[in-house]
Amino acid sequence: MITAFVLIKTDASRIPETAEEISAIDGISEVYSVTGEWDLIAVARVSRHEDLADVIADRLSKVPAVVHTTTHIAFRAYSQHDLDAAFSLGFEQ
């Protein structure tokens, strides 16, 4: 699995609508509104590097309110926190 973090600048008046539209794209697993220089951060998870071009360049970047993106591809995960939490849903300890 290849993970990429996409930092997104949007039309400020359409941040929630843009986040919803981006979250509906196949290959985007999460979208966060954030403080600071960027408006949104999306997490893309795909099986092949070639799929990033489809998800980010061909689809996410063409969402009408998206003004600019910068993509960071993850090399390695050091924390299992999210995976552990996902697999423990519904189980009490």
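Residues numbered from 1 in each chain as written. Predicted model: local features only at pLDDT ≥ 70, side-chain atom pairs only at ≥ 80, totals over all residues. Heavy atoms only, no water.

*Asks:* Please give an account of helix H2 (residues 49–59) that cites residues and values.
*Replies:* Looking only at H2, the buried set comprises Leu52, Val55 and Ile56. Looking straight down H2, one finds its buried side chains confined to an arc of 80°; they lie on one side. Packing partners of the buried residues in H2 comprise strand S1 (2–10), strand S2 (28–33), strand S3 (40–46) and strand S4 (66–73). (Buried < 20%, exposed > 50% of the residue type's maximum accessible area, 1.4 Å probe, protein only. Helix = DSSP H or I, 4+ residues; strand = E, 2+ residues; numbered from the N terminus. Arc of directions from axis to C-beta. Contact = heavy atoms within 4.5 Å.)

*Asks:* Tell me about the pattern of salt bridges, and name the residues and values.
*Replies:* It is possible for side chains bearing opposite charge to pair when their charged atoms get close. Going through the model one piece at a time under the given rule, you end up with 4 salt bridges. Here Lys9 ties to Glu37 by a salt bridge, and the two come within 3.7 Å at their closest N and O atoms. Separated by 28 residues along the polypeptide, Lys9 in strand S1 and Glu37 in the loop between S2 and S3 bring together distant segments of the chain. When its relative accessible area of 58% is taken as the criterion, Glu37 is described as exposed. Note that Arg48 and Asp51 form a salt bridge whose closest N and O atoms lie 3.0 Å from each other. A relative accessible area of 45% places Arg48 in the partly exposed class. (Salt bridge = Lys/Arg side-chain N within 4 Å of Asp/Glu carboxyl O.)

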